[in-house]
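The chain contents come next:
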Amino acid sequence: MKKSFYLPAIGVIALGILLPQFIKISYFYFAGYIVLQFIILSTAWNLLGGYTGYVNFGVGGFYAIGAYTSAVLLLHLKVNLIVAMLAGGILSGLLGFGLGYLTIRLRGIFFAISTLAVAIIIQMVIVNWHFLGGANGLYIFRPDPIWPFSDYLEYLFALMLFVAFLAVMSARYIEKSWIGKCFIAIRDTEEASECTGMPTFRLKLFATTLSGFMMGVAGAPFPYYITYLEPYSAMDLLITVNSLAMPLVGGTAHWLGPVIGSILLGGAQQLITVSISSEWNLLVVGIVLIGFVILAPGGIMGLIQRGRR
Amino acid sequence: MKTPLLEAKSVSKFFGFPALLNVDIQVNRGERFGLIGPNGSGKTTFINVITGVLRVDGGGVLFDEKDITTLQCYRRARLGIARTFQIPKPFISMSILDNLTIPLRYALHTINAKSSIEDEAMKILRLIGIESKAHVKPQDLTQIEMRKLELARALALRPKLLLLDEVMAGLSHSEIDDLLVILKDLNEQGITILMIEHIMRAVMSFCERIAVLNAGVKIAEGNPEEILNNKEVEKAYLGE
């Protein structure tokens, strides 16, 4: 485990630092950041939605909590971005913990609806809270670039690359561990899981909390990325839709699924935004999602695994 | 002197109507106990209350001299209460072997080597007679094999008390006999068995003591002969 973690980790850090020395196109990092952000979000969504089968429609809410927590800390306390990311993650993780309590009584579609409600409540609170800028939003200025990066965006890109790596690695570790097996047992049949000695409630709390934490961390650097934070862009429908479409396209049963889905769907969206129009984005996600759900319910990883057999 | 392993004391459960009403049932250590009754009489509800899937609305449950009335379901499972489901609920995306390694892992408490857990799982599959299916998924099993998997998974918990919810339904005459031999054997190894069954031949030959539920109320208890000759039981099953 150790060797298989540290070597790639060093590789990822090196890549994040070296890439900007060679590729100087600013748009690459602008688009790449979004793809990386969705790798984190979709991996986080998949921990709960893919493994345990509890569908979260409130990703935007978790993301916004991360983004606003960090914006407030960056503006008022001038903390380091990494501290702000941890704080955003913890607050969002707490919301996840609360959501975990809902699973005592709410299963299936009822859980999904309540997550949607939670996201709407969060948006309402943000829009009406003057301290958070309300509907007017908040302006955040990027600090000076950090050596060895010549642009702060490049630093954000490298940071997101590393965080995405950590997120994917933890998903992989969980998937291969007993916890992962228990998650899948819960998805298969929660009643039998409990009756065979699994602490299903504690396991679900773990999944919702970790998933929430990751989503908060993914949202925390957004204020520096966008430099103007307002409730509608921070809680864009696309964030939630993408976070569940990407794992479904890539395959929910394997930790690589969300990664593949994010790169393909996220990459395609960035291309379409530049080449056709940004309005086409959502339509493309919708069509691809419907296509996959009908033709390849196991996603791309499902197709690959079926091909191997 | 027989000591009780499971004591349900005046257990009640309401779903808007009384599904169980002041039911007293005591199962002794090492006993083969039968629970019968017409459809909807509360047999499965009783199992759900004992395993902790449902909480009682009145009364209490003692297991191994401990009050488990408010204990969570998974903790009861770890204490040694295992069950099968009337409608099989296998872990559908795992192999048959993994269906057993998960409960084994939690029953053993200590983190044993993966290989020893798998060995034990294979031993149980061999005992039940589905070892050839160890590496297939549950959807490739027949109904009968699925029921055997239910039993195997329950055994993987190393139970003190085994609750069987219609595990024989759909089995042929000779398969029932085979299963009864396995169950007798398990019982001789010290596992107490509470059997819910509609197949009277199996219940009457297997159980030492039988209780009868009707509309949530215990109407009779005794040895198989007493139950067969009980007028109340006849009325519950056949009407007046």
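If you're wondering where the values come from, they're calculated on a predicted model, not measured in any experiment.

A separate point is the nonpolar core. Formed by 159 residues in total, the largest nonpolar core has its most connected members in Ile40, Leu41 and Tyr63 of chain A together with Ala152 of chain B. When residues of this core are assigned to their parent elements, the largest contribution, 14 residues, is made by helix α2 (residues 26–52) of chain A. Of the domains in this structure, domain 1 (1–80 + 159–240) and domain 2 (89–158) of chain B are the two that each give at least three residues to this core.

Each partner contributes residues to the interface: chain B has 21 residues there, and chain A has 16 residues. Of all the secondary-structure elements, those providing two or more residues to the side of chain B that touches chain A are α2 (73–79) and α3 (96–108) of chain B. In terms of residue count, the dominant contributor to the side of chain B that touches chain A is α3 of chain B (six residues). A breakdown of the residues in the side of chain B that touches chain A according to their chemical character gives 13 nonpolar, two polar and six charged.

Residue and element names in this part refer to chain A. Here helix α5 (residues 108–128) contains 21 residues, and its C-alpha end-to-end distance of 31 Å stays within 8% of the 30 Å for a straight helix at 1.5 Å per residue. Of the residues making up α5, those classed as buried are Phe111, Thr115, Ala119, Ile122 and Ile126. Along the axis of α5, the buried residues cluster in a sector spanning 85 degrees; they form a single face. In α5, the exposed positions that point more than 90 degrees away from the buried face belong to Ile109, Phe110, Ala117, Ile121, Met124 and Asn128.

Residues and elements named next belong to chain B. Pairing in this open sheet of four strands is antiparallel, and the strands run β2-β1-β4-β5 from one edge to the other. On the outer flanks of this sheet lie β2 (18–28) and β5 (66–67), each paired with one strand and no other. Across seven bridges, the pairing between strand β1 (residues 4–14) and β2 is antiparallel. Paired with Val11 across the bridge in β2 is Val23.

A word on the sheet that holds strand β9 (residues 209–214) of chain B. All names here are of chain B. Taken together, the six strands give an open sheet; going across it, the order is β6-β7-β8-β3-β9-β10, and neighbouring strands pair in mixed fashion. Each edge of the open sheet is held by one strand with a lone partner, namely β6 (81–83) and β10 (217–222). Taking each pair of neighbouring strands and ignoring which way they run, the sheet shows an average axis angle of 20 degrees. Bridge analysis of strand β3 (residues 32–36) against β9 gives four bridges, and the strand direction is parallel.

Moving on, we get to the domain arrangement of chain B. All names here are of chain B. Domain assignment breaks chain B into domain 1 (1–80 + 159–240) and domain 2 (89–158). With centres defined by C-alpha atoms, the gap from domain 1 to domain 2 works out at 24 Å. Each side of the interface is counted separately: domain 1 has ten residues, and domain 2 has 13 residues. At the level of secondary structure, the elements contributing two or more residues to the side of domain 1 that touches domain 2 comprise α2 and α6 (173–188). Looking at the side of domain 1 that touches domain 2 residue by residue, the classes come out as six nonpolar, two polar and two charged.

Its location among the elements puts Leu155 of chain B in helix α5 (residues 143–155). On a C-alpha basis, the gap between Leu155 of chain B and Ile124 of chain B in space is 7.3 Å, while along the polypeptide they are 31 residues apart.

Let us now look at the packing of helix α3 (residues 59–77) of chain A against α5 of chain A. Residues and elements named next belong to chain A. At their nearest, the axes of α3 and α5 sit 8 Å apart, and the two run at 35 degrees to each other. The segment α3 lies against α5, with Gly60, Gly61, Ala64, Ile65 and Tyr68 engaging Val118, Ala119, Ile122 and Ile126. Residue classes in the contact of α3 with α5 are distributed as seven nonpolar, two polar and no charged.

Glancing now at the confidence of the model for chain B. Predicted confidence across chain B gives a mean pLDDT of 89, with 95% of residues reaching 70 or more. The complex model carries a pTM of 0.89, and its ipTM stands at 0.88.

On to the packing of helix α7 (residues 178–188) of chain A against helix α9 (residues 200–219) of chain A. Residue and element names in this part refer to chain A. In the contact formed by α7 and α9, the axes pass within 10 Å of each other and the chain directions differ by 105 degrees. It follows from the interaxial angle that α7 and α9 lie roughly perpendicular. Of α9, the residues touching α7 (which contributes Ile179, Cys182, Phe183 and Ile186) are Thr200, Leu203, Lys204 and Ala207. Residue composition of the contact of α7 with α9, grouped by class: six nonpolar, one polar and one charged.

All right, on to the environment of Pro90 of chain B then. Residue and element names in this part refer to chain B. Within the element layout of this structure, Pro90 appears in the loop between β6 and α3. Along the sequence, Pro90 and Glu150 sit 60 residues apart, while their C-alpha atoms lie 7.1 Å from each other. If sequence neighbours within four positions are ignored, Pro90 has contacts with Asn99, Pro138, Met146 and Leu149.

This brings us to unusual backbone geometry. In the segment running from Trp147 of chain A into Pro148 of chain A, the intervening peptide bond is cis, with an omega of 5 degrees. Its location among the elements puts Pro148 of chain A in the loop between β1 (138–139) and α6 (152–176). Unlike most non-glycine residues, Ser10 of chain B shows phi in positive territory, near 50 degrees. Take Ser10 of chain B: it is sitting in strand β1. C-beta crowding within 10 Å serves as the criterion here: with 13 such atoms nearby, Ser10 of chain B is assigned to the partly exposed category. The backbone of Asp64 of chain B shows a phi angle near 55 degrees, a positive value even though the residue is not glycine. Tracing the backbone through its elements, the reader meets Asp64 of chain B in the loop between β4 (58–63) and β5.

What counts and what doesn't
- Residues numbered from 1 in each chain as written.
- Chains lettered and ligands numbered in written order.
- Predicted model: local features only at pLDDT ≥ 70, side-chain atom pairs only at ≥ 80, totals over all residues.
- Core = buried A, V, L, I, M, F, W, Y, C linked by C-beta atoms within 7 Å.
- Buried ≥ 20, exposed ≤ 12 C-beta atoms within 10 Å, placed from the backbone.
- Helix = DSSP H or I, 4+ residues; strand = E, 2+ residues; numbered from the N terminus.
- Domains from an automatic or database assignment.
- Contact = placed C-beta atoms within 7 Å.
- Nonpolar A, V, L, I, M, F, W, Y, C, P; charged D, E, K, R; others polar.
- Expected span 1.5 Å × (residues − 1).
- Arc of directions from axis to C-beta.
- Pairing = 2+ DSSP bridges.
- Axes fitted to C-alpha atoms, helices over the stretch in contact; angles between N-to-C directions.
- pLDDT = per-residue confidence, 0-100.
- Parallel < 35°, antiparallel > 145°, perpendicular 65-115°, else oblique.

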